[in-house]
Amino acid sequence: MLHVLRLEYTESEEAAEPHVKDHVAFLDRHHADGTFLLSGQTVPSEQGGLIIAAGVDRATAEKIAGADPFVRARVGRYTITTIVPGRAHPDLAGLLAAFRP
């Protein structure tokens, strides 16, 4: 399964600024362990960000999202959508095959 984690700021970007360093460390940690396949800011950035996570169940994805320093500081919240990959670009097919049930 894949999970799309949509981060939305609940406060201003300025309010989130003191937590950016810890948020980046959070992202780095989950990219390093292979859980996060992609992450990035939205355009415009004040809308938040998006993460694609894999290799964990829904409950674990929710636990990870809850540990984000933005969430813990109450300057952000996540909406999580879980998907089972159906079709993919051929360059992604091999990677995504590992996450099919």
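Refer to the preceding data block for the structure.
Described below are features of the structure shown in this document. (Residues numbered from 1 in each chain as written. Predicted model: local features only at pLDDT ≥ 70, side-chain atom pairs only at ≥ 80, totals over all residues. Heavy atoms only, no water.)

1. Focus on the overall build of the protein
Our working definition: Elements are defined by DSSP. Helices are runs of H or I of four residues or more, strands are runs of E of two residues or more, and each kind is numbered from the N terminus. Put simply, the radius of gyration uses C-alpha atoms, and a globule should come to 2.2 Å times the residue count raised to 0.38. Exposure categories follow from relative accessible area, calculated using a 1.4 Å probe and restricted to protein chains: below 20% of the type maximum is buried, above 50% is exposed, and the middle band is partly exposed. It only takes one pair of heavy atoms within 4.5 Å for two residues to be counted as in contact. For the charge count, each Lys or Arg is scored as positive and each Asp or Glu as negative, with His and the chain ends excluded. By convention, charge coordinates are those of NZ in Lys, CZ in Arg, CG in Asp, or CD in Glu.
For the protein, the count of helices and strands is five helices and four strands. A compact globule built from 101 residues would reach a C-alpha radius of gyration of about 13 Å, and the protein, at 14 Å, matches this within 12%. Projected onto its principal axes, the C-alpha coordinates of the protein cover approximately 40 × 25 × 20 Å. Across the 101 residues of the protein, 32% fall into the buried class. Within the protein, contacts between residues at least 6 apart in sequence are counted, and of these 68% link residues at least 24 apart. Mean positive and mean negative side-chain charge positions of the protein (10 and 13 charges, respectively) differ by 7 Å.

2. Some words on helix H2 (residues 20–32)
Heads up, the condition is: By this rule, a helix spans an expected 1.5 Å times one less than how many residues it contains. When we speak of the arc, we mean the arc of directions from the helix axis to the C-beta atoms.
Taking 1.5 Å of rise per residue, the 13 residues of H2 would be expected to cover 18 Å, and the 18 Å separating its terminal C-alpha atoms lies within 8% of that figure. Among the residues making up H2, those that are buried are His-23, Phe-26, Leu-27 and His-30. Within H2, the buried residues cover an arc of 95° as seen down the axis, which keeps them to one side. Away from the buried face of H2 by more than 90 degrees, exposed residues Lys-21 and Ala-32 are located.

3. Regarding the layout of surface pockets
Definition in use: Using a 1 Å grid laid over the protein atoms alone, points where a 1.4 Å probe fits but cannot get out form a cavity; open sets with protein on both sides within 12 Å along at least 5 of 7 lines form a pocket; any residue with an atom within 4 Å of a point counts as lining. Grid points are joined across faces, edges and corners, and a volume is the space filled by probe spheres set on the points. Just so you know the grouping, Ala, Val, Leu, Ile, Met, Phe, Trp, Tyr, Cys and Pro go in nonpolar, Asp, Glu, Lys and Arg go in charged, and all remaining residues, Gly too, go in polar.
The computed volume of the largest pocket comes to approximately 250 Å³. Residue lining of the largest pocket: 18 residues in total, with Leu-7, Tyr-9, His-23, Gln-41 and Phe-70 positioned closest to the centre. Residue assignment for the lining of the largest pocket shows that the elements contributing at least two residues are strand S1 (2–9), helix H1 (13–16), H2, strand S2 (36–41) and strand S3 (49–54). Residue composition of the lining of the largest pocket, grouped by class: ten nonpolar, six polar and two charged. When its volume is computed, the second largest pocket comes out at roughly 160 Å³. If you trace the second largest pocket, you find it lined by Leu-2, Leu-37, Leu-38, Ile-52, Ile-83, Pro-85, Gly-86, Arg-87, Leu-92, Leu-95 and Leu-96. Listed by contribution, the elements that provide at least two residues to the lining of the second largest pocket are S2 and helix H5 (90–97).

4. Looking at unusual backbone geometry
With an omega of 5°, the peptide bond running from Val-43 to Pro-44 counts as cis. Considering the arrangement of structural elements, one finds Pro-44 in the loop between S2 and S3. One non-glycine residue with positive phi stands out, namely Arg-74, at about 60°.

5. Some thoughts on the nonpolar core
Among soluble globular proteins, nonpolar side chains are generally buried collectively. Here is the rule we go by: What we call a nonpolar core is a set of buried Ala, Val, Leu, Ile, Met, Phe, Trp, Tyr and Cys residues that are connected through their side-chain atoms within 4.5 Å.
Leu-5, Phe-26, Phe-36, Ile-51, Phe-70 and Tyr-78 are the most contacted members of the largest nonpolar core, which totals 15 residues. Broken down by secondary-structure element, the contributors of at least two residues to this core are S1, H2, S3, helix H3 (58–66) and strand S4 (76–83). Broken down by element, the residue count for this core peaks at three residues, all from S1. Contacts of Phe-36, omitting those with residues within four sequence positions, involve Phe-26, Leu-27, His-30, His-31, Ile-51, Ile-52, Ala-53 and Ile-64.

These figures come from the coordinates and say nothing about function on their own.
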